Structures are given as structure tokens and as C-alpha cells.
Amino acid sequence: MAEPMGFFTDTTVCIGCKACEVACKEWNQLSATNGGQNVLSGQSYDNTRRLDGEHWRHVKFVEQFSEDRKEARWLMMSDVCKHCVQAGCLEVCPTGAIFRTEFDTVVIQSDACIGCRACLPSCPFGVIGINPVTRTAQKCTLCYDRMKVGMTPACAQACPTASIQFGPIATLRKKAKERVDALHAQGKAEAYIYGDEDILGGLNSFYLLVDAPEVYGLPKAPKLPTRGLWTSSIFVAFTAAVVGLLGIFSFRERKAKALPAAKGGGGEA
Ligand code: SF4
Ligand code: SF4
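Residues numbered from 1 in each chain as written. Chains lettered and ligands numbered in written order. Predicted model: local features only at pLDDT ≥ 70, side-chain atom pairs only at ≥ 80, totals over all residues. Heavy atoms only, no water.

Student: How do you make sense of the site of ligand 1 when you look at a structure like this?
Tutor: With respect to spatial proximity, 14 residues lie near ligand 1, and among them Cys81, Lys82, Cys84, Cys89 and Cys123 are the closest. The residue inventory of the shell around ligand 1, partitioned by class, reads ten nonpolar, two polar and two charged. (Near = heavy atom within 4 Å. Nonpolar A, V, L, I, M, F, W, Y, C, P; charged D, E, K, R; others polar.)

Student: It is not clear to me how the site of ligand 2 should be interpreted in this structure. Could you clarify?
Tutor: Taken together, 13 residues are adjacent to ligand 2, and Cys24, Arg57, Cys140, Cys143 and Cys155 come closest. In terms of residue class, the shell around ligand 2 is built from ten nonpolar, two polar and one charged.

Student: So what exactly am I meant to see when it comes to unusual backbone geometry here?
Tutor: Across the chain, the bulk of peptide bonds are trans and the bulk of non-glycine residues have phi less than zero. Of note, Leu142 is a non-glycine position whose phi angle comes to about 55°, a positive value. With respect to the helices, strands and loops of the structure, Leu142 is situated in the loop between strand E7 (137-138) and helix H4 (144-147). For Leu142, a relative accessible area of 0% gives the class buried. Although it is not a glycine, Cys143 sits at a positive phi angle of roughly 45°. (Helix = DSSP H or I, 4+ residues; strand = E, 2+ residues; numbered from the N terminus. Buried < 20%, exposed > 50% of the residue type's maximum accessible area, 1.4 Å probe, protein only.)

Student: I would appreciate a short explanation of a nonpolar patch on the surface in the present structure.
Tutor: The grouping of Trp27, Val149 and Met151 at the surface amounts to a nonpolar patch, some 290 Å² of accessible area in total. Residue placement: Trp27 occurs in helix H1 (residues 19-27). (Patch = residues over 30% accessible without salt bridge, like charges linked within 9 Å, V, L, I, M, F, W, Y side chains within 5 Å. Areas by Shrake-Rupley, 256 points an atom, 1.4 Å probe, with all protein chains shown as cover. Salt bridge = Lys/Arg side-chain N within 4 Å of Asp/Glu carboxyl O.)

Student: What should I look at first to understand the sheet that holds strand E10 (residues 205-209) in this one?
Tutor: The strands that make up a sheet pair up through hydrogen bonds in the backbone, lying either parallel or antiparallel. If you trace the four strands from one edge of the open sheet to the other, you get E8-E1-E10-E9, paired in mixed fashion. The sheet is open, and its two edges are formed by strand E8 (164-168) and strand E9 (192-194), each paired on a single side. When the angles between neighbouring strand axes are averaged without regard to direction, this sheet yields 25°. Sheet analysis places E9 next to E10, joined by three bridges and oriented antiparallel. Following the sheet pairing, Ile193 is matched in E10 by Leu208. (Pairing = 2+ DSSP bridges. Axes fitted to C-alpha atoms, helices over the stretch in contact; angles between N-to-C directions.)

Student: Teacher, can you tell me more about the packing of aromatic side chains here?
Tutor: In this description, an aromatic ring pair is defined by two values, namely the gap between the centres and the angle between the planes. Within the structure shown, the criterion is met by six aromatic pairs. Seen in terms of ring centroids, Phe7 and Phe166 are 6.2 Å apart; in terms of plane orientation they differ by 65°. Their pairing is edge-to-face. Placement of the pair is Phe7 in strand E1 (residues 5-10) and Phe166 in strand E8, with a sequence separation of 159 residues. Judged by relative accessible area, Phe7 falls into the buried class, the value being 0%. Under the relative-accessibility criterion, Phe166 is labelled partly exposed at 23%. Both rings, one in Phe103 and one in Tyr144, keep their centres 6.2 Å apart while their planes meet at 75°; by these two values the pair is edge-to-face. Here Tyr144 lies in helix H4 and Phe103 lies in the loop between strand E4 (98-100) and strand E5 (106-108), a separation of 41 residues in the sequence. You can call Phe103 buried: its relative accessible area is 13%. A connected cluster of aromatic rings, assembled from ring pairs, spans Tyr45, Phe61 and Trp74. Positioned above the aromatic ring of Phe7 is the side chain of Arg57, whose terminal nitrogen or guanidinium carbon lies 4.8 Å from the ring centre. A cation sits over an aromatic face here: Arg146 above Trp27, 4.5 Å from the ring centre. (Phe/Tyr/Trp six-rings, centres within 6.5 Å; stacked < 30°, edge-to-face > 60°. Lys NZ or Arg CZ within 6 Å of the ring centre and 35° of its normal.)

Student: Mind showing me how you'd approach the nonpolar core here?
Tutor: Nonpolar side chains in soluble globular proteins tend to be buried together. Core analysis: the largest hydrophobic core is formed by 62 residues, its most contacted members being Phe125, Tyr194 and Leu208. Ranked by the residues each element gives to this core, the list is headed by helix H6 (residues 169-185), at five residues. With residues up to four places along the chain from it excluded, the contact list for Leu208 reads Phe8, Thr9, Asp10, Thr11, Thr12, Arg179, Val180, Leu183, Ala191, Tyr192 and Ile193. (Core = buried A, V, L, I, M, F, W, Y, C linked by side-chain atoms within 4.5 Å. Contact = heavy atoms within 4.5 Å.)

Student: It is not clear to me how H6 should be interpreted in this structure. Could you clarify?
Tutor: For an α-helix, 3.6 residues make a turn, and residues three or four places apart therefore share a direction. With 17 residues, H6 ought to run about 24 Å at 1.5 Å a step, and its terminal C-alpha atoms sit 24 Å apart, in line with that. All of the buried residues along H6 are Ile169, Leu172, Arg173, Ala176, Val180 and Leu183. All buried residues of H6 fall inside an arc of 100° around its axis, so they share one side. For H6, exposure combined with an orientation more than 90 degrees from the buried face picks out Ala170, Lys174, Lys177 and Ala185. In this fold, the buried residues of H6 make contact with E1, E8, E9 and E10. (Expected span 1.5 Å × (residues − 1). Arc of directions from axis to C-beta.)

Student: For this particular structure, what's the right way to read the pattern of salt bridges?
Tutor: Any two side chains of opposite charge can pair, on the condition that their charged atoms come close. Considering all chains together, one arrives at ten salt bridges under this definition. The partner of Arg73 in a salt bridge is Asp211, with the nearest N and O atoms 2.9 Å apart. In this pair, Arg73 is assigned in strand E3 (residues 72-79) and Asp211 in the loop between E10 and helix H7 (225-268), connecting sequence segments 138 residues apart. Overall, Asp211 belongs to the partly exposed group, its relative accessible area being 23%. In this structure, Arg173 engages Asp196 in a salt bridge whose closest nitrogen and oxygen atoms are separated by 2.9 Å. One end of the pair, Arg173, is in helix H6; the other, Asp196, is in the loop between E9 and E10, and 23 residues separate them in sequence.

Taken by themselves, the reported measurements are silent on function.
See below:
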């Protein structure tokens, strides 16, 4: 296996230009929203709104205002599939269409996807969507086609501020730690890394954030849905066993009661 590769996204230098979104759509030939008739959200300068089957990158705008609205802060974060080391989507796919590559990234093979949607709720980050053109589940491939020939993913290449950095995970983790230390030294104690090993074994697309994960729409402690499935499966099996045993006992009891009556009935005849 080649070296694990991924993204380190430093949200403090994102300027919200959405060049990464555009580069992703262009390289992957993703269709325009609603056939090009996208309605503006009206709530924000963000009209992409979310990640889905035809938006594999999404730059979130988090707009924060003080009570008197004299102070404002915009947090910007280019979101994408996290290429989790423990990936819920990969575990539930019934056809094996989702696989882990030699770069430790997670890719959906569109031609093996049957569009059953099992992977959609299994992603704790809500990354996957059904592409309306192909009618299959789709998400970021970390530009697997480009990586295989030694190219940088389109989004990282297009980013003008190096907010999205691509490379070997070990190198990126080191860079991220240095950046957090530098910010702390500048008095920005709120800076931290989201996506270390404590989250699903590590996210191969991890982030430097300056506010709580929930502020960016990220789960604080994401869980593998399959763990819940195992618990519920055991519960269902246990319940079925108890119901089955109760049924057997009740049948035997009824049979035991019926036997003397049957014997008595035979004597009279
Ligand atoms: S972020 Fe979601 S879609 Fe991406 S690898 Fe993790 S579970 Fe799968
Ligand atoms: S790595 Fe490629 S597919 Fe993934 S968001 Fe970037 S441009 Fe899109």
C-alpha cells in the first residue's frame, strides 16, 4: 500500500472564494444544480448549501454577529468527504461499490453502485448524495484518477491561499501541529485540530478550527452507525429468542393440560 494521503484544511486562511468547489465540479464533470436553474438561498452568500451527489466540495459560510450586531465574524470552511480510517459508508455497502484505495482514501465506483442509498445514513458527516444524472451514490474521490498519475487533487490545486493542503498524512499532521502552535503563540488559544485519531480512527481529511465543531456543522463525537446496528441486531436476536422460548413453553403447557382431558375422553368412548 502506498503512503496514506489526504487533506489538511486550515480554515483560518480560507477566503470563501469557492475556487475549490468550481475546480471540483469542472474536473469531475458534475452537473449544474437543478439543471442550471439554482434558486439563491436568500440566507447567506452560500448558495451551494450542502455536500451532495453533485457537490463534492462545499465552502461553508458561518456568519456570527454580536447581540447589537456591531461586531461580526465569518468563519469559512471548505468541507468534503473525510476519507475516514473507519468509514461507515464502506461497511454497509451491499455490493462492494465503496472501496479503500492504496492511498487509504475511500472511493465509490459508480458502475458497481445500485443506488440503494444504504450508505447515505451511514456517513456520520452526511457527505454522500444521489447524483440526479447517474442515479448512483456519489461523493469526493480525493481525485483518485489524478492521484494515480501523481497529480494534486483539483480543489487543492485551485485554492489560492493554501487553505486546502494535500499530501502524505504524516507530513500534514506535522504541518497542522506547527500551525496550531504558531496560532497559540499569537494568542489564538481557540485553534485546534478536528480529525485526529480520536475521531473514527483518524480523518484523512482533517481541519484546523477556531470554534466548536457544531458551529461548523460537524458532529462533536461522530460514531459508526454500524456499531448501533450491531447493538440493535443483538437486541432483535435476543427478543426473538425470548419470544420463541415463551412460545415453546406456552405450547408445552397447553399440550400438558389437553392430554388428561384427551385420555379421559378416550375412556368414556
Ligand atoms: S466522511 Fe462519510 S462518506 Fe466519507 S469516508 Fe467517512 S463515512 Fe464515508
Ligand atoms: S479531491 Fe477532487 S473530487 Fe474531492 S473535492 Fe477535491 S476536486 Fe473534488
